[in-house]
Amino acid sequence: CWFGRSPTAASTWIATVCGSGTLIAPFAAALPEAMGQSGATAGGAAAAVGGHDGDMAASAAALQSEDPAVRADAKARDLHARLVALEKCLLRPERERIRLVGFHYQELCKWQQDHENDIDLSNIMDRLNNRQHGGSATYPEWRRQALEEAYRLFYHEVATNHADKVEGLPQPPTSTEIGSRRLNEHVLTRKAAAEHAIPGKYEDRSCNTLGTRSWEYQIRRIPPASENDICGREIVAGHQIFEDSTLMRLVGFVVPLDGCCARCVEPKRVVGPFLLPEGLKVVPKRP
């Protein structure tokens, strides 16, 4: 659903999946779309795939590098590629390619299972979130949350309207798998999959306990190309909001808060296929 009609791109994709079992570089050129900007079309991304053989070899070599920073950067790019692949496939799915959406979701699950205990995971996430590190492999927390919600909506629609195809899709992550993180209530309604747009909001409290950064977004339902096809899901970026308090402003005069979240509070453990911070764990009260 992302390589358009290019036979060269299609053959390159097949060789990539079957030959190495991973998707490292095919979507590096799709960053503008991954970040909510208008950029290359599906056909343009397809043209870029054919020219990434050398980049894939370089990425494989970087994963084996003795330099920890090089390895972390390569892992971040690998994860970024898988996230972009799923987002692009959800944008324009087709009924006969539902399994391809499931494949890209499984690729995310595999990455999380292979790397959840890596000692450099926090550095990888810093690169993905664009904290302290620049680079093109950026896919921040708010967009990963939106992507998870888009997959949930897609799965619900397939299960409701195309039950014969749902076997090709893995179920969305359970509450346990996402660390009991609270889900967007708009996604959990019965009619959510049929709504034109679902609002979402990601809150980041990692900087300090006195202020909150939040990102607003929408997940829009894209009408299918034909009557029997599946609706696509498009992630649309909204506003970034920083809410503080009078107390925090007073503290800022004494202790400068330069916006580096990673320095203020120990980050929460990231869990689930979309590697998002776990939720607050509720300890049952004793009688």
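Thresholds applied
Residues numbered from 1 in each chain as written. Predicted model: local features only at pLDDT ≥ 70, side-chain atom pairs only at ≥ 80, totals over all residues. Heavy atoms only, no water. Helix = DSSP H or I, 4+ residues; strand = E, 2+ residues; numbered from the N terminus. Polar contact = N/O pair within 3.5 Å; in protein donor to acceptor, adjacent residues only side chain to side chain. 1 Å grid on protein atoms, 1.4 Å probe; cavity = no way out; pocket = protein on both sides within 12 Å on 5 of 7 lines; lining within 4 Å. Points joined across faces, edges and corners; volume = space filled by probe spheres on them. Nonpolar A, V, L, I, M, F, W, Y, C, P; charged D, E, K, R; others polar. pLDDT = per-residue confidence, 0-100. Contact = heavy atoms within 4.5 Å. Axes fitted to C-alpha atoms, helices over the stretch in contact; angles between N-to-C directions. Left-handed = near helix turned anticlockwise from the far one by under 90°. Salt bridge = Lys/Arg side-chain N within 4 Å of Asp/Glu carboxyl O. Buried < 20%, exposed > 50% of the residue type's maximum accessible area, 1.4 Å probe, protein only. Pairing = 2+ DSSP bridges.

Of note, R221 is situated in strand β2 (residues 212-222). Of note is the side chain of R221, whose polar atom sits 3.1 Å from the backbone oxygen of A193.

What follows is about empty space enclosed by the protein. If you walk through the whole model with that rule in mind, you get 2 cavities of 30 Å³ or more. By volume, the second largest cavity is sized at about 30 Å³. In terms of lining residues, the second largest cavity is bounded by E149, R152, L183, N184, V187 and L188. Of the residues contributing to the lining of the second largest cavity, the split by class is 3 nonpolar, 1 polar and 2 charged.

For the rest of this paragraph, the subject is the side chain of R233. Positionally, R233 belongs in strand β3 (residues 232-243). Within polar-contact distance, the side chain of R233 engages the backbone oxygen of A193 at 2.9 Å.

This part covers the confidence of the model for the chain. Of all residues in the chain, 64% attain a pLDDT of 70 or more, and the chain-wide mean is 75. The model gives residues 257-266 a pLDDT under 50, and that stretch makes 16 contacts with residues more than four places away or in other chains.

Closest axis-to-axis distance for the helix α6 (residues 98-115)/helix α8 (residues 141-161) pair is 12 Å, and the angle between their directions is 145°. Where α6 crosses over α8, the two elements pack in a sense that is left-handed. Residues I98, V101 and Y105 of α6 lie in contact with α8, whose contacting residues are Y151, F154 and V158. Of the residues in the contact of α6 with α8, the class split is 6 nonpolar, no polar and no charged.

Here we take up the pattern of salt bridges. Side chains that differ in charge, positive against negative, can pair when their charged atoms come close. Counted according to the given criterion, the structure contains 13 salt bridges. Taking the shortest distance from any N to any O, the salt bridge between K75 and D120 comes out at 3.2 Å. Of this pair, K75 sits in helix α5 (residues 68-91) while D120 sits in the loop between α6 and α7 (121-129), placing them 45 residues apart in sequence. Assessed through its relative accessible area of 11%, K75 is described here as buried. Salt-bridge contacts for E148 lead to R181; the nearest nitrogen and oxygen are separated by 2.8 Å. Residue E148 is found in helix α8, and its partner R181 is found in the loop between α8 and β1 (197-204); the two are separated by 33 residues along the sequence. The class for E148 is buried, based on a relative accessible area of 2%. When its relative accessible area of 12% is taken as the criterion, R181 is described as buried. Here the salt bridges do not stand alone but share partners, grouping K75, D118 and D120 into one network.

A few words now on unusual backbone geometry. Of note, the phi angle at S180 is positive, near 60°, even though the residue is not glycine. Considering the arrangement of structural elements, one finds S180 in the loop between α8 and β1. The exposure class assigned to S180 is partly exposed, which follows from its relative accessible area of 42%. Residue L275 is not a glycine yet carries a positive backbone phi of 50°. For L275, the location among the structural elements is in the loop between β4 (270-271) and β5 (276-277).

Quick look at the pairing of β2 now. Bridge count for β1 against β2 is 8 bridges, and the pairing is antiparallel. Paired with K201 across the strands is E216, a residue of β2. Note that β2 and β3 share 10 bridges and pair antiparallel. Following the sheet pairing, R220 is matched in β3 by E234.

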